[in-house]
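Architecture and fold: a report
What follows is each chain in one-letter form.
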Amino acid sequence: MTTTAEEFRKALRSLRVWDTELPAFDVDRAPGEPLGLFHEWFAHAVAAGQTEPHTMSLATADGEGRPDVRTLMLHDADGRGWHFASHSGSAKGRQLAGRPEAALGFYWPAVGRQVRVRGRVVTGGAEEARASLAVRSRGALAAALTGRQSQVLGSLDELYAASSAAWERAGAEPDAPAPSWTLYVLEPREVEFFQGDAQRRHVRLRYLREADGGWVRELLWP
């Protein structure tokens with residue numbers, strides 16, 4: 001089935017957002033630091049039935065400053081920062097090695113909320129990387145063992161063969177090492193919370209980290 005440009009535009013214009021009652025956001029009651037509010041909003045998105053609320057967009061830049069973005073999973077969010085993992089040899093791994101700065105974006109349409117995080121990215125130790133992989137599924141381990149992420153693939157048959165072997169090994173060796181698997185932590189310098197409003201009076205609260213490690217808060221025009 002081929003979709004024409006006009007059919008595409010008609011479908012695009014027919015879409016609406018936030019066709020539900022949206023939660024309130026009382027900025028006067030927001031905590032003095034962003035992590036607690038993130039935990040609160042995340043739990044609220046889960047309770048509201050948001051599909052895969054732990055998925056997020058990760059934006060990086062290559063050696064020439066060209067932006068890149070992809071979707072991946074959040075592993076944790078604590079006092080150190082927002083955690084995620086990937087292969088060090090992947091496109092994002094190479095980009096972070098050259099330019100250790102990134103941005104994260106969460107979008108939870110079920111509640112009309114977004115969270116944006118920007119900051120420096122550091123790598124965790126090998127033990128942390130193994131621990132982050134150990135608590136995930138057999139499929140996650142198999143994917144990590146397959147490796148070669150972002151490299152050119154000769155054929156799907158090649159992928160299926162490597163994946164099958166990795167699945168078999170993951171079942172036989174649940175603690176099998178994946179040497180290139182790396183834990184990354186984004187240390188937040190700026191965190192913005194966006195609450196959508198049906199009348200487009202969106203509420204945006206931004207936290208900025210100060211030199212002493214504290215946070216200042218400011219509202220932004222939508």
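Definitions and limits used
- Residues numbered from 1 in each chain as written.
- Predicted model: local features only at pLDDT ≥ 70, side-chain atom pairs only at ≥ 80, totals over all residues.
- Heavy atoms only, no water.
- 1 Å grid on protein atoms, 1.4 Å probe; cavity = no way out; pocket = protein on both sides within 12 Å on 5 of 7 lines; lining within 4 Å.
- Points joined across faces, edges and corners; volume = space filled by probe spheres on them.
- Helix = DSSP H or I, 4+ residues; strand = E, 2+ residues; numbered from the N terminus.
- Nonpolar A, V, L, I, M, F, W, Y, C, P; charged D, E, K, R; others polar.
- Salt bridge = Lys/Arg side-chain N within 4 Å of Asp/Glu carboxyl O.
- Buried < 20%, exposed > 50% of the residue type's maximum accessible area, 1.4 Å probe, protein only.
- Polar contact = N/O pair within 3.5 Å; in protein donor to acceptor, adjacent residues only side chain to side chain.

**As for empty space enclosed by the protein**
Picture a little ball the size of a water molecule; that probe, rolled over the atoms, points out where space is still empty. Under the criterion given, the structure shown has one cavity of 30 Å³ or more. Volume-wise, the largest cavity comes out at about 30 Å³. Contributing to the lining of the largest cavity are R116, V117, R118, E190, V191 and E192. Looking at the lining of the largest cavity, the elements with two or more residues in it are β6 (113-123) and β7 (181-195).

**Focus on the layout of surface pockets**
What the largest pocket holds in volume is close to 580 Å³. Lining the largest pocket are 29 residues, with H87, A143, A144, G147 and Q149 sitting closest to its centre. Every element with two or more residues in the lining of the largest pocket is listed here: β2 (67-73), β4 (82-87), α5 (138-146) and α6 (156-172). Among the elements that line the lining of the largest pocket, the one with the most residues is α5, at six residues. Residues belonging to the lining of the largest pocket are distributed by class as follows: 13 nonpolar, eleven polar and five charged. Put simply, the second largest pocket is a space of about 290 Å³. Mapped by element, the contributors of at least two residues to the lining of the second largest pocket are α4 (126-134) and α5. Per element, the largest residue contribution to the lining of the second largest pocket is five residues, and it comes from α4. Residues that form the lining of the second largest pocket fall into these classes: twelve nonpolar, one polar and four charged.

**Notes on the pattern of salt bridges**
For the coordinates displayed, the defined rule picks out 14 salt bridges. The partner of R116 in a salt bridge is E192, and the shortest N-O contact between them spans 2.8 Å. Placement of R116 in strand β6 and of E192 in strand β7 is noted, with a sequence separation of 76 residues between them. Here E190 makes a salt bridge to R118, at a shortest N to O gap of 3.3 Å. Taken together, the residues span a long stretch of sequence, with E190 in strand β7 and R118 in strand β6 at a distance of 72 residues. Here E190 falls in the buried class, since its relative accessible area comes to 16%. By relative accessible area, R118 is classed as partly exposed at 42%. Residues joined by salt bridges that share partners form a network here, namely R118, E190, R206 and E218.

**Section: the side chain of T60**
Its location among the elements puts T60 in strand β1 (residues 55-61). A polar atom in the side chain of T60 sits 2.9 Å from the side chain of R70.

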